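Residue strings, one per chain:
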Amino acid sequence: MVRVTDEVRRLRRRFQERGEESQIWDAVLLARHTSRPYTLDYVGGLFSDFYELHGDRAFADDPAIVAGIGTYHGRPVVCVGNQKGRDTVEERIRRNFGMARPEGYRKAIRAFELADRLGFPVLTFVDTPGAYPGVGAEERGQAGMIASSILAMARLEVPVIATVIGEGGSGGALALAVGDRVLMQENAIYSVISPEGCASILWKDAAQARKAAYAFRPTAASCLDLGVIDAVVAEPSGGAHKDHERAIRLVDVAISAALDEVLALAPRDRRLARRAKFRRMGVWGTAEPDTTASGLAAER
Amino acid sequence: MAEISVNIQRDGDDPRPTTARKDPNTCPTCRSHYRADELVALLRVCRQCGHHFVVGARERIAQLCDPGSFVEHAADLRSADPLAFIDLKAYADRLTDAELATGLGDAITVGVGTIGGSPTALAVMDFGFLGGSMGSVVGEKLAVASDLAVARGVPLIAVAASGGARMQENILALMQMAKTVMAIDQLRDARLPFISVCTHPTTGGVIASFAALGDVTLAEPDALMSFAGPRVVQDTTKERLPDDFGRSHANLRLGHVDAVVPRSELAATLARLLRLFAGSIPEPVVPAPPRAAPPSLGQRLASLFRRGASRG
Ligand SMILES: [Zn+2]
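Starting afresh in each chain, residues are numbered from 1 along the sequence in its written order. The lettering of chains begins at A and the numbering of ligands begins at 1, in the order of writing. Only residues with pLDDT of at least 70 get local features here, since the model is predicted, and only at 80 or more are side-chain atom pairs given and counted; chain-wide, interface and lining totals rely on the full set of residues. Side-chain descriptors were evaluated using all non-hydrogen atoms of the structure, hydrogens and water having been removed beforehand.

1. A few points about the overall build of chain A
Moving on, step 1. Within chain A, the secondary structure is distributed over 14 helices and 10 strands.
Moving on, step 2. Here the C-alpha atoms of chain A give a radius of gyration of 20 Å, agreeing with the 19 Å that 2.2 N^0.38 yields for 300 residues.
Moving on, step 3. The dimensions of chain A, computed from C-alpha atoms along their principal axes, are 65 × 45 × 45 Å.
Moving on, step 4. Only protein chains enter the accessibility calculation, which uses a 1.4 Å probe. A residue is then buried if its area is under 20% of the maximum for its type, exposed if over 50%, and partly exposed in between. Of all 300 residues assigned to chain A, the portion counted as buried reaches 57%.
Moving on, step 5. For this analysis, residues touch if any pair of their heavy atoms sits within 4.5 Å. Taking the contacts inside chain A whose residues are at least 6 apart along the sequence as the reference set, 75% of them involve residues at least 24 apart.
Moving on, step 6. Calculation of accessible area relied on Shrake-Rupley with a 1.4 Å probe; when residues are assessed, cover is drawn exclusively from the protein chains displayed. Roughly 11,800 Å² of accessible area belongs to chain A as shown, and the carbon and sulfur atoms make up 51% of that amount.
Moving on, step 7. We count Lys and Arg on the positive side and Asp and Glu on the negative side, and we leave His and both chain ends out. In this description, the location of a charge corresponds to atom NZ of lysine, CZ of arginine, CG of aspartate or CD of glutamate. Here chain A holds 40 positive side-chain charges and 39 negative ones, and the gap between their average locations is 3 Å. Numbered from the N terminus, helices here are DSSP runs of H or I no shorter than four residues, and strands are runs of E no shorter than two. Atoms considered for the radius of gyration are the C-alpha atoms alone. The globule rule reads 2.2 Å times the number of residues to the power 0.38.

Listed below in structure tokens is the structure:
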């Protein structure tokens, strides 16, 4: 019925070879490991100086997103990332488990626009289960702010390097991940919905999360196959939480290389190239001429 | 264009009564029953209570466009299932069933046409096709609609009806949010306006991407327009949800849409906006009544004074 290319067939085969259910679930657990380095750990390790900005200038400061100006290998950059809380319950709650509200995205947009004005590259770190699904967040325009953050990133003429360092959950993650280069750590995950959310909708049972993860494979290797990310960043053996310093050094090497590539482009070319890159994303076929809906109906 | 009957299949997170699942011609709010042709003639709005039924893409295009003016583009694109995705049912089977039920290749139909004589590019979603979910084909076709607008120098109108991103395409579906936002950005570069029409439901990845970026955003009465569905919000936060959570009139009150437009007025409203954007003077739809002589300054001051005095 649908004419698909050899490329699609190759992708389907790759997915079937992409590890066992247990291996894929291990990546989900590692991506969520509470000792994994978070955005502020990378900020501390990568920048010789960093000044954090606070507040969206409209309503509040959202601690689930950090934004600021830093010095990266002697160069001024703007950094924005999702931030989960660590150690205490209070801190985890204060950071809202990394789930941003509209104010967080508005702060991010403010930082992106500053970077563009001053010509500073943007580095983002993506690590969130998703945008916060609260009544207030919805009333204050969660959907519109996610769309606006994606648009703000799309319009930047400065280099944008996004790195998925843990959970890349849904639109709340994509809102910080529209990069010229998108990097993803070996054990990070990136998906349209959490495995639990997918399971509760398609299997009608959140407990089927392992099955859902296996079916949609949110792993770095799969994202690379599908052309969604540009490179997989290796982690210390056993996962990034085993050796923060080494994990940060590996991310540093990958970001530096990506940044050098993108710095070589002219500013306006960067924006158009970014648009062309995302335009290519997606896989589809075409209808066989004789099997349109009416033809299919006749067949049965 | 051939009329088709659309089987309404609700895959989404719809908290409303589900009578419509059993009989698409019975009003879920007041239980009035309609013949199929009667409902089409009523634009699928309940005569008794004003409930707006879901409208399929082809029927919506027939409601909005001048007869015979719509030319479809990219009709041959089909989802390709690169993940070979299977949940309780194979995605490939879901796609075949949806195509048979709706007669559509995917959850969006795009093309060019005229509304009230003004040319426009049009992208219309169909909730009957896998809950209007956005996967690779929906994203590409929305981008094609933007290309059509730019090539012809006309505005783009998108009519959204979607539960959000298509989970069966996972990360590729998520990327369509960026792709469609960039399609709107392309219109902005070309200085062309984008009109977003949100119908029930417009949620998840669709309301958080192109549908949120209208230069003018219209919504149908009682359409659900939220990023997270009411059930997800309820389960996550244990908060008590307002009765009108995410509904279009709440979105109007909160400043997220420009107007809530009943379906009977949608085509005329779009025609008027297209004329305004084209810079021409809109022709009055109804002849204006003869105007009374404007009140004199003295009369106006007197009425102000009276109002002031009555407030004490
Ligand atoms: Zn009714």
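Having seen the structure, we can now continue with the description.
2. As for the packing of aromatic side chains
Moving on, step 1. Between 30 and 60 degrees the pair is tilted, below 30 it is stacked and above 60 it is edge-to-face, where a pair is any two Phe, Tyr or Trp rings, Trp via its six-membered ring, whose centres lie within 6.5 Å. For the structure on display, the rule yields 4 aromatic pairs over all chains.
Moving on, step 2. Relative to Phe85 of chain B, the ring of Trp203 of chain A has its centre 6.5 Å away and its plane inclined at 65°; by these criteria the two rings are edge-to-face. Residue Trp203 of chain A is located in the loop between α9 (195-202) and α10 (209-216), and its partner Phe85 of chain B is located in the loop between β2 (77-79) and α4 (91-102); the two belong to separate chains.
Moving on, step 3. Put simply, the rings of Phe47, Phe50 and Tyr72 of chain A touch in pairs and so form one group of aromatic residues.
Moving on, step 4. For a Lys NZ or an Arg CZ to count as sitting over a ring, it must be within 6 Å of the ring centre and within 35 degrees of the ring normal. Above the ring of Tyr132 of chain A, the side-chain terminus of Arg101 of chain A is found at 4.6 Å from the ring centroid.
Moving on, step 5. One residue, Arg217 of chain A, lies across the ring of Tyr214 of chain A, its end atom 4.6 Å from the ring centre.

3. Here we look at the confidence of the model for chain B
Residues and elements named next belong to chain B.
Moving on, step 1. Here chain B averages 87 in pLDDT, and 82% of its residues register 70 or above.
Moving on, step 2. Confidence of the prediction at every residue is given by pLDDT, a number between 0 and 100. Counting interchain partners and residues more than four positions distant, the pLDDT-below-50 stretch residues 1-20 has 43 contacts.
Moving on, step 3. Interface predicted TM-score (ipTM) for the complex: 0.95; the corresponding pTM is 0.90.

4. Here we look at the layout of surface pockets
Moving on, step 1. Of the voids in this model, the second largest pocket is the one considered here, and its volume is about 370 Å³.
Moving on, step 2. Here a cavity denotes grid points, spaced 1 Å and computed from the protein atoms alone, that fit a 1.4 Å probe unable to get out, and a pocket denotes an open set having protein on both sides within 12 Å along at least 5 of 7 lines; residues with an atom within 4 Å of a point are the lining. If you go around the second largest pocket, you meet 29 residues; those closest to its centre are Gly141, Ala143 and Gly144 of chain A together with Asn251 and His256 of chain B.
Moving on, step 3. When residues of the lining of the second largest pocket are traced back to their parent elements, those giving at least two are α6 (135-139) and α7 (142-155) of chain A together with α9 (248-253) of chain B.
Moving on, step 4. Broken down by element, the lining of the second largest pocket gets its largest block of residues, 5 residues, from α7 of chain A.
Moving on, step 5. By the convention adopted, Pro, Cys, Tyr, Trp, Phe, Met, Ile, Leu, Val and Ala count as nonpolar, Lys, Arg, Asp and Glu as charged, and the other residues, Gly among them, as polar. Classifying every residue of the lining of the second largest pocket gives 14 nonpolar, 10 polar and 5 charged. Grid points are joined across faces, edges and corners, and a volume is the space filled by probe spheres set on the points.

5. A closer look at the coordination of the zinc ion
All names here are of chain B.
Moving on, step 1. Coordination of the zinc ion by the protein involves Cys27 (SG), Cys30 (SG), Cys46 (SG) and Cys49 (SG), with metal-donor separations of 2.2 to 2.4 Å.
Moving on, step 2. Here a donor is any nitrogen, oxygen or sulfur atom (N, O, S) within 2.8 Å of the metal, with 3.2 Å used for Na, K and Ca; water is not among the atoms considered, so some sites may look incomplete. Mapping the donors of the zinc ion onto the primary sequence yields the spacing C-x2-C-x15-C-x2-C. In this pair, Cys27 is assigned in the loop between α1 (19-22) and α2 (36-41) and Cys49 in the loop between α2 and α3 (57-64), connecting sequence segments 22 residues apart.

6. Observations regarding the sheet that holds strand β1 (residues 2-3) of chain A
Moving on, step 1. Taken in spatial order, the 3 strands of this open sheet run β1(A)-β10(A)-β2(B), and their pairing is antiparallel. Strands at the two margins of the open sheet, each flanked by one partner only, are β1 of chain A together with β2 of chain B.
Moving on, step 2. Strands pair, by our definition, only if DSSP identifies at least two bridges between them. Sheet analysis places β1 of chain A next to strand β10 (residues 284-287) of chain A, joined by 2 bridges and oriented antiparallel. Each residue of the ladder has a partner; that of Arg3 of chain A, found in β10 of chain A, is Thr286 of chain A.
Moving on, step 3. Set on the sheet, helix α5 (residues 136-152) of chain B makes contact with β10 of chain A together with β2 of chain B; between it and β2 of chain B the angle comes to about 150°. Between N-to-C directions, angles cover 0 to 180 degrees, with each direction set by a line fitted to C-alpha atoms, over the stretch in contact for helices.

7. Some words on the environment of Thr102 of chain B
Residues and elements named next belong to chain B.
Moving on, step 1. Within the fold, Thr102 resides in helix α4.
Moving on, step 2. With a relative accessible area of 1%, Thr102 lands in the buried category.
Moving on, step 3. As for Thr102 and Gly128, which are separated by 26 residues in sequence, their C-alpha atoms are 6.7 Å apart.

8. Remarks on the interface of chain B and chain A
Moving on, step 1. If you look at the interface, chain B gives 61 residues, while chain A gives 65 residues.
Moving on, step 2. A simple way to read buried area is as the amount of 1.4 Å-probe accessible surface that goes missing from two parts once joined, with both sides added. Across the chain B/chain A interface, buried area totals approximately 5,500 Å², and carbon plus sulfur atoms make up 70% of it.
Moving on, step 3. The largest per-residue losses of area from chain B upon contact with chain A belong to Met167, Met182 and Phe227 of chain B, which jointly make up 13% of the total buried on that side.
Moving on, step 4. Counted as salt bridges are all cases of a side-chain nitrogen of Lys or Arg within 4 Å of a carboxyl oxygen of Asp or Glu. Connecting chain B to chain A are 7 salt bridges.
Moving on, step 5. A salt bridge links Asp185 of chain B to Arg275 of chain A, with the nearest nitrogen and oxygen atoms 3.2 Å apart.
Moving on, step 6. Here a polar contact is taken to be a pair of N or O atoms separated by no more than 3.5 Å, where protein atoms must pair a possible hydrogen donor with a possible acceptor and residues adjacent in sequence count only if both atoms sit in side chains. Scanning the region where chain B abuts chain A turns up 19 residue pairs in polar contact (both at pLDDT 80 or more).
Moving on, step 7. Among the elements that line the side of chain B that touches chain A, the one with the most residues is helix α6 (residues 170-189) of chain B, at 16 residues.
Moving on, step 8. Its residues placed into classes, the side of chain B that touches chain A shows 35 nonpolar, 13 polar and 13 charged.
Moving on, step 9. Looking at chain direction, β10 of chain A and β2 of chain B are connected through 3 bridges and run antiparallel. Looking at β2 of chain B, one finds that Thr286 of chain A is bridged to Leu77 of chain B.

9. Some details on the pattern of salt bridges
Moving on, step 1. In the structure shown here, the tally under the stated rule is 36 salt bridges over all chains.
Moving on, step 2. Between Asp127 of chain A and Lys84 of chain A there is a salt bridge; the shortest N-O distance is 3.2 Å. Within this pair, whereas Asp127 of chain A is found in strand β5 (residues 122-128), its partner Lys84 of chain A is found in the loop between β4 (75-82) and α4 (89-94), the two being separated by 43 residues in sequence.
Moving on, step 3. Of the residues examined, Lys84 of chain A reaches a relative accessible area of 8% and is grouped as buried.
Moving on, step 4. In this structure, Arg78 of chain B and Glu99 of chain B form a salt bridge, with 3.2 Å as the shortest nitrogen-oxygen distance. Linking Arg78 of chain B in strand β2 with Glu99 of chain B in helix α4, this pair joins segments that are 21 residues apart in sequence.
Moving on, step 5. Note on Arg78 of chain B: relative accessible area 6%, which makes it buried.
Moving on, step 6. Within the structure, one salt-bridge network assembled from shared partners comprises Arg32, Lys84, Asp127, Glu167 and Glu196 of chain A.

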